[in-house]
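Chain by chain, the residues run as shown.
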Amino acid sequence: MTKSRIGKAISIICAGALVFSLGGYATGANAATKKVTIKVWDPGLMGHLVNGALDTKNSFIYTAKKAYEKLNPNVTIDISEIDGGVSDTQFKAASIAKNGPDIKIGFAGGNTLSFAAFLEPLDKYFSKAELALVKGTGTVRSGYNPSGPLLAMPYGAGSYFYIFYDKRVMAANNIDMTNPPKTWEAFLALAKKLKNAGVENPIWETNLEGYTGAWVIASLVGGQLGPNAFYDMYTGKTKIDSAAMTKAYQAYQNLYTSGVTNADATTAGQGDRLNGFLAGNGAMIIDGGWDNDPIFKALGDNAGTFAIPQLSGSKYPKILAGGTNVAVSVTKYSKNKAEAIKFVKFLMQAKTIDKYVKITQTEPSNHVNADASVIVNPLLQTQAKDVAKFPQVYPFDNIMPGPTNDLFYKLNASVALGQTTPADAVKQLQASLAENK
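Residues numbered from 1 in each chain as written. Predicted model: local features only at pLDDT ≥ 70, side-chain atom pairs only at ≥ 80, totals over all residues. Heavy atoms only, no water.

**Comments concerning the layout of surface pockets**
Formally: Points on a 1 Å grid over protein atoms alone make up a cavity when a 1.4 Å probe fits among them but cannot get out, and a pocket when they form an open set with protein on both sides within 12 Å along at least five of seven lines; lining residues each have an atom within 4 Å of a point. Grid points are joined across faces, edges and corners, and a volume is the space filled by probe spheres set on the points. Elements are defined by DSSP. Helices are runs of H or I of four residues or more, strands are runs of E of two residues or more, and each kind is numbered from the N terminus. When residues are grouped by polarity, Ala, Val, Leu, Ile, Met, Phe, Trp, Tyr, Cys and Pro land in nonpolar, Asp, Glu, Lys and Arg in charged, and all others, Gly among them, in polar.
The computed volume of the largest pocket comes to approximately 620 Å³. Along the walls of the largest pocket sit 31 residues, with Lys135, Ala157, Ser365, Val387 and Gln392 positioned nearest its centre. Those elements that provide at least two residues to the lining of the largest pocket are strand 11 (320-323), helix 14 (350-360), helix 15 (378-389) and strand 13 (392-393). Class assignment for the residues of the lining of the largest pocket results in 16 nonpolar, eleven polar and four charged.

Next comes the structure, spelled out in structure tokens:
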């Protein structure tokens, strides 16, 4: 499982009640004529916690369930919230016994591909015209082959990796953020300027688990190699132990050796990242769109953001790292496959995805006919405009096998500590992929 995304699922705070319009969705003509129960397993990606309790009133999947059942009175959507830490193990065991769910909600990318043996290819259920309306299908095709079986439908445009900053700190130090840093080097130079001005922690960092490395490496390698950077590493077209990866790791290591982060940056845990920034422990933070909502709620118009900038001289200086996080699959062994497909089609309607965006305010829609007006968080508005304009690279840990990702996070932490050299890190990752692919 992609560990750096687990926190994303549980950090989303629901923005408000969701009311579905009944127009344009299912009709009596395609409704089930006998009682059918569709089992859905969700590891906290579409059903969210509020103050530690599952919010079935406002969570997207439960409002979608309510709307669909109203349109299809003979269908019951039975949702089970599976602990994200054990959901993969439970799904595999249940699938071997053929008594798992009809629909699996999971992470796009490697997490979906790893269960290909149990997932129904969806190509024959969606026309070419329908698929052309949805972005991100390449993240859920077997082997990342453009013509490979479609193992799921990607849901939402996903989260992208950004720098968030406190405008008040910048203004107090006479720093004009009208034009944010355009290169990684300029970003570190800005941090050093703040340090020299007396700001104790220009960049608040918590990298015990190595998650920051996943976001920074994705950005800096994508800038050098382009949108297919990590797909090509997975297929062997490009080597992981390449000059681009080594250069990115060196630049990432410089973040911790340049004196612009907090003293405990390499030993503080992910749980302190957002809380520390919101408490005023730093002027800037490297984070993802999954924290748009809490940052805006805490800082309001004092919150600013810009994409993680690329290394100077990068071929793709405007590329964004990130992409679809969530995927919706149908199991091969489902006893209600036809009805499960109908529910997935309902979920894939442009208006349904718009409601997903509206209620979470964490990511844009991945539907061509999305309604951008549903985005009210100004941080997400900025990111959505970027996603519409600039190319994107799907991150390393979204694509690679689980064991390689586990090593990736460990090496990210080790490189930041100076215990592993960038060159050795990429060699270890190359060996891991060869062993686990």
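**Some words on unusual backbone geometry**
A positive phi is found at asparagine 174, a non-glycine position, where the angle reads about 55°. Here asparagine 174 lies in the loop between helix 6 (167-172) and helix 7 (184-196). One non-glycine residue with positive phi stands out, namely glutamine 361, at about 55°. With respect to the helices and strands, the residue glutamine 361 is situated in the loop between helix 14 and helix 15.

**Regarding the sheet that holds strand 12 (residues 326-330)**
This is how it is decided: Following DSSP output, two strands are said to pair if at least two bridges run between them. Helix axes use the C-alpha atoms of the stretch in contact, all axes being lines fitted to C-alpha atoms, and the angles between their N-to-C directions lie in the range 0 to 180 degrees. By the convention used here, residues are in contact when the closest approach between their heavy atoms is within 4.5 Å.
With mixed pairing, five strands are arranged side by side in an open sheet as 4-1-5-12-6. Looking at strand neighbours, the two that pair on one side only are strand 4 (75-81) and strand 6 (153-155), the edges of this open sheet. Within this sheet the neighbouring strands show an average axis-to-axis angle of 25°, counted without direction. Of the strand pairs in this sheet, strand 1 (residues 36-42) and strand 5 (residues 103-107) are connected by two bridges, and their pairing is parallel. From the neighbouring strand, valine 40 faces strand 5, where its bridge partner is isoleucine 103. Contacts from helix 13 (residues 337-347) reach strand 1, strand 4, strand 5, strand 6 and strand 12, with the element oriented near 155° to strand 12.

**Quick look at the pairing of strand 11**
As a reminder, the rule being used: Only protein chains enter the accessibility calculation, which uses a 1.4 Å probe. A residue is then buried if its area is under 20% of the maximum for its type, exposed if over 50%, and partly exposed in between.
Of the two faces of strand 11, the one lined by Leu320 and Gly322 and the one lined by Ala321 and Gly323 are each fully buried. In terms of strand pairing, strand 7 (residues 159-166) meets strand 11 through two bridges, oriented antiparallel. Residue pairing in the sheet places tyrosine 160 in a bridge with glycine 322 of strand 11.

**Considering the packing of aromatic side chains**
Where we set the bar: Between 30 and 60 degrees the pair is tilted, below 30 it is stacked and above 60 it is edge-to-face, where a pair is any two Phe, Tyr or Trp rings, Trp via its six-membered ring, whose centres lie within 6.5 Å. Our definition puts a charge over a ring when NZ of Lys or CZ of Arg is within 6 Å of the ring centre and also within 35 degrees of the ring normal.
Using the criterion set out here, one finds 24 aromatic pairs in the structure. Ring plane angle 80° and centroid distance 5.1 Å describe the contact between tyrosine 155 and tyrosine 356, whose orientation is recorded as edge-to-face. Remark: tyrosine 356 occurs in helix 14 and tyrosine 155 occurs in strand 6; sequence separation between them is 201 residues. We note that tyrosine 155, like tyrosine 356, is buried. Between phenylalanine 161 and tryptophan 290 the ring centres are 6.1 Å apart and the planes differ by 75°, which places this aromatic pair in the edge-to-face class. With phenylalanine 161 in strand 7 and tryptophan 290 in the loop between strand 9 (284-288) and helix 12 (292-299), the pair connects residues that are 129 residues apart, well separated along the chain. Pairwise contacts between aromatic rings join Tyr211, Phe230, Phe396, Phe408 and Tyr409 into one cluster. The positively charged end of lysine 345 is found above the aromatic ring belonging to phenylalanine 126, 4.2 Å away from the centroid.

**Concerning helix 15**
Here is the rule we go by: Residue count minus one, scaled by 1.5 Å, sets the expected span of a helix. Of all possible arcs, the one meant is that of the directions from the helix axis to the C-beta atoms.
Taking 1.5 Å per residue as the helical rise, helix 15 with its twelve residues ought to reach 16 Å, and the 17 Å between its terminal C-alpha atoms agrees with that figure. Among the residues of helix 15, Leu379, Leu380, Gln383, Ala384, Asp386 and Val387 are the ones counted as buried. Burial along helix 15 is one-sided: seen end-on, the buried residues are contained in an arc of 160°. Opposite the buried face of helix 15, at more than 90 degrees from it, the exposed residues are Lys385, Ala388 and Lys389. Considering only its buried residues, helix 15 is in contact with strand 7, helix 12, strand 10 (303-307), strand 11 and strand 13.

**Observations regarding empty space enclosed by the protein**
Applying the stated criterion across every chain, the model contains three cavities of 30 Å³ or more. Put simply, the second largest cavity is a space of about 80 Å³. Pro43, Ser87, Asp88, Lys104 and Ile105 are, among the twelve residues lining the second largest cavity, the residues nearest its centre. Elements that contribute at least two residues to the lining of the second largest cavity include exactly helix 3 (87-96) and strand 5. Take the lining of the second largest cavity: its biggest share by element is four residues, from strand 5.

**Some remarks on the nonpolar core**
For soluble globular proteins, nonpolar side chains are generally found buried alongside one another. For the record, the criterion: In these notes, a set of buried Ala, Val, Leu, Ile, Met, Phe, Trp, Tyr and Cys residues joined through side-chain atoms within 4.5 Å is what counts as a nonpolar core.
In this structure, Tyr155, Trp184, Phe230, Met245, Tyr249, Met284 and Phe343 are the most contacted members of the largest nonpolar core, which totals 113 residues. With eight residues, the top contributor of residues to this core is helix 8 (residues 211-225). What tyrosine 249 contacts, discounting residues up to four positions off in sequence, is Ile217, Phe408, Asn412, Val415, Pro422, Ala425, Val426 and Leu429. Listed in part, the 14 residues of the second largest apolar core include Phe164, Trp204, Leu274 and Ala307.

**Considerations on helix 7**
Here helix 7 contains 13 residues, and its C-alpha end-to-end distance of 19 Å stays within 8% of the 18 Å for a straight helix at 1.5 Å per residue. Among all positions of helix 7, only Trp184, Phe187, Leu188, Leu190, Ala191 and Leu194 are buried. Along the long axis of helix 7, the arc covered by the buried residues comes to 150°, so they all point the same way. Two residues or fewer after helix 7 comes glycine 198, characterised by a positive phi angle close to 105°.

**A look at the pairing of strand 1**
With respect to burial, strand 1 is a largely interior element, five of its seven residues being buried. With seven bridges connecting them, strand 1 and strand 4 associate as parallel partners. Along strand 4, the bridge assignment pairs aspartate 42 with glutamate 81.

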